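# Observations on chain architecture
Residues per chain, in single letters:
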Amino acid sequence: MTKRLLMVTPYVQFVHKAQAEGFWVAAIWDPAQESADYLQSVREAADAFELTDFRDDAGLRKAIRETAHRHGVSSIYHIGREDSMISAFEVAEELGLSLNPPSAIRLLADKLAMRERLAQRNLSTVVFAAAGTRAEVPAAVAGIGAPVVVKPTSLAGSRGVFLWQSDEDRATWFEILDAYGYPGPFLVEEYLRGPEYSVETLSVDGVHQVVGITQKFLGPPPLFVEVGHLHPAPLPAERRDAIEELTVAFLDACGYRFGPAHTEVIWTPGGPRIVESQPRLGGDRIPRLVELSSGFDLERAIFAALAGRPTSPTPHTGTALVRFFTLPSGRIDSVHNVESVRLLPYVDELELRVRPGDTVAAVRDSKSRHGHVIVTAQTPPQAVERCTEVLSLVEVVVDGAPAPLDAAPDRITEGTPS
């Protein structure tokens, strides 16, 4: 008998890969979250498709209930944007169709709740304070002592995350918040210094498999926008083991039961510290880096595991690197060499999101980056070398002059909140 799966905001490849593992798939999307063309591709792939306004939480919950009942689904699952996850998992638990307890999703999706759980367990201790509104943030900063990292508790993609170093930073940070329309609450925490990694895991029945560790490359403070990822991270065995052990202990502490998680860790002078985690796949094309470097399709493995088939990560045989383009602000006059660079044998993907005539703003978060390239290699140094070659070959002219694709320099910062 075919298992019937209801997914909230599944990307089209999730629908295809779930179906390849034998699932009938219903999809629920918010029409404001993707283009009409993209949603049409999901509609055509899915066995059933519904649209609803996710800003109306009661309406979203009703749509999930009604779709689940109408189609007799056996599971409800959500691995998309965090802002609707808790609602989806609460309805799933109510109907007896959940793959994770909502409490676990809340701990992973809410940065403050996560910090409080870690403090309760004396695990990966970090000095932090909560601020209900932005007016309360300066007092929290003073209580910890600058420099500190200030972050919205429920925004993703580096939005609103800021290194607060002095009182003069208040106006700049308030201006950033105004652009997002986010009123609070906020988390204020000590500035963790050291290189940052993300740990990609797949959990089945509460057992957490580490798929791999990714090294992050970051733009400069105060925003720390991620500009690249290298997988697998070149790490000494002792450091890798410590990061993996902390991540597994953390997911246990949160009560996470099923699915991928993307957990960010900074290696400080005192050892690894959890930055945050999300109950979903890593963004920024990280699953593709995993597949290119090891052959392991992490996306499909989710549905194989859900179907009850054993899944096990495969050893890495190479390296893959994604680099995001961060052009300076200005008017795009011309773009050259994109198609020829796409043909290079080591280029897996090359996307440039600007065209002649566009006026672009400086990058301030992950959603405002100007494109990306993915390269493959046998070693990390070779991957960096190939990425550097791509950056030199693709030419973008901004305001009459050739512009660097890496206007925000790639670097491993001494600390970052992500």
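So, here is what we can say about the structure in this document. (Residues numbered from 1 in each chain as written. Predicted model: local features only at pLDDT ≥ 70, side-chain atom pairs only at ≥ 80, totals over all residues. Heavy atoms only, no water.)

## Some details on the overall build of the chain
- When helices and strands are counted, the chain shows 13 helices and 20 strands.
- Taking 22 Å as the expected radius of gyration for a compact globule of 418 residues, we find that the chain reaches 21 Å, a close match to that expectation.
- Judged by the C-alpha coordinates and their principal axes, the chain covers about 60 × 55 × 45 Å.
- A total of 418 residues make up the chain; the buried ones form 55% of that total.
- Sequence separation of at least 24 residues holds for 66% of the intrachain contacts in the chain that already meet a minimum separation of 6.
- As displayed, the chain offers around 17,100 Å² of accessible surface, 49% of which is attributable to carbon and sulfur atoms.
- Of the side chains in the chain, 40 bear a positive and 55 a negative charge, and the two mean positions are spaced by 3 Å. (Helix = DSSP H or I, 4+ residues; strand = E, 2+ residues; numbered from the N terminus. Rg over C-alpha atoms; globule rule 2.2 N^0.38 Å. Buried < 20%, exposed > 50% of the residue type's maximum accessible area, 1.4 Å probe, protein only. Contact = heavy atoms within 4.5 Å. Areas by Shrake-Rupley, 256 points an atom, 1.4 Å probe, with all protein chains shown as cover. Lys, Arg positive; Asp, Glu negative; His and termini not counted. Charge placed at Lys NZ, Arg CZ, Asp CG, Glu CD.)

## A few points about the side chain of Glu82
- Relative to the helices and strands, Glu82 resides in the loop between strand S4 (75-78) and helix H4 (85-94).
- Each residue touching Glu82, except ones within four places of it in the same chain, is listed here: Ala109, Ala156, Gln278 and Arg280.

## Describing the packing of aromatic side chains
- Summed over all chains, the structure comprises eleven aromatic pairs.
- Among the aromatic residues, those joined into a ring-pair cluster are Tyr11, Phe14, Trp29, Tyr38 and Phe303.
- Taking NZ or CZ as reference, Arg364 lies 4.9 Å from the ring centre of Tyr180, over its face. (Phe/Tyr/Trp six-rings, centres within 6.5 Å; stacked < 30°, edge-to-face > 60°. Lys NZ or Arg CZ within 6 Å of the ring centre and 35° of its normal.)

## Focus: the nonpolar core
- Core analysis: the biggest nonpolar cluster contains 58 residues, and Tyr77 and Phe250 have the highest contact counts within it.
- If we skip the residues at most four places from it in the chain, Phe250 touches Leu108, Met114, Leu118, Leu123, Thr263, Ile274 and Ser277.
- In terms of nonpolar packing, the next biggest core, distinct from the first, is built from 27 residues, Leu352, Ala383, Val398 and Leu405 among them. (Core = buried A, V, L, I, M, F, W, Y, C linked by side-chain atoms within 4.5 Å.)

## Points about the sheet that holds strand S8 (residues 186-190)
- The antiparallel open sheet is built from four strands, whose spatial order is S5-S8-S6-S7. The open sheet is flanked by strand S5 (128-131) and strand S7 (162-164), the only strands paired with a single partner. Between one strand axis and the next, the sheet turns through 25° on average, direction left out of account.
- In the sheet, strand S6 (residues 148-152) pairs with S8 via five bridges, with the strands oriented antiparallel. The partner of Pro152 across the bridge, within S8, is Phe186.
- Sheet contacts for helix H6 (residues 111-120): S5, S6 and S8; angle to S5, the most-contacted strand, approximately 145°.
- Where helix H8 (residues 169-180) meets the sheet, it contacts S6, S7 and S8, and its direction lies at approximately 160° from that of S7. (Pairing = 2+ DSSP bridges. Axes fitted to C-alpha atoms, helices over the stretch in contact; angles between N-to-C directions.)

## Considering helix H11 (residues 298-306)
- Burial analysis of H11 places eight of its nine residues in the buried class, the great majority of the element.
- Among the residues of H11, Leu298, Glu299, Ala301, Ile302, Phe303, Ala304, Ala305 and Leu306 are the ones counted as buried.
- Of the residues flanking the start of H11, the one acting as N-cap is Asp297, its side-chain oxygen 3.2 Å from the backbone nitrogen of Glu299.
- Gly308, located one to two residues past H11, shows a positive phi value of around 90°. (Polar contact = N/O pair within 3.5 Å; in protein donor to acceptor, adjacent residues only side chain to side chain.)

## Some points on the environment of Ala68
- Inspection of the secondary structure puts Ala68 in helix H3 (residues 57-71).
- The residues touching Ala68, leaving out its near neighbours within four places in the chain, are Leu6, Val73, Ile76, Leu95 and Leu97.

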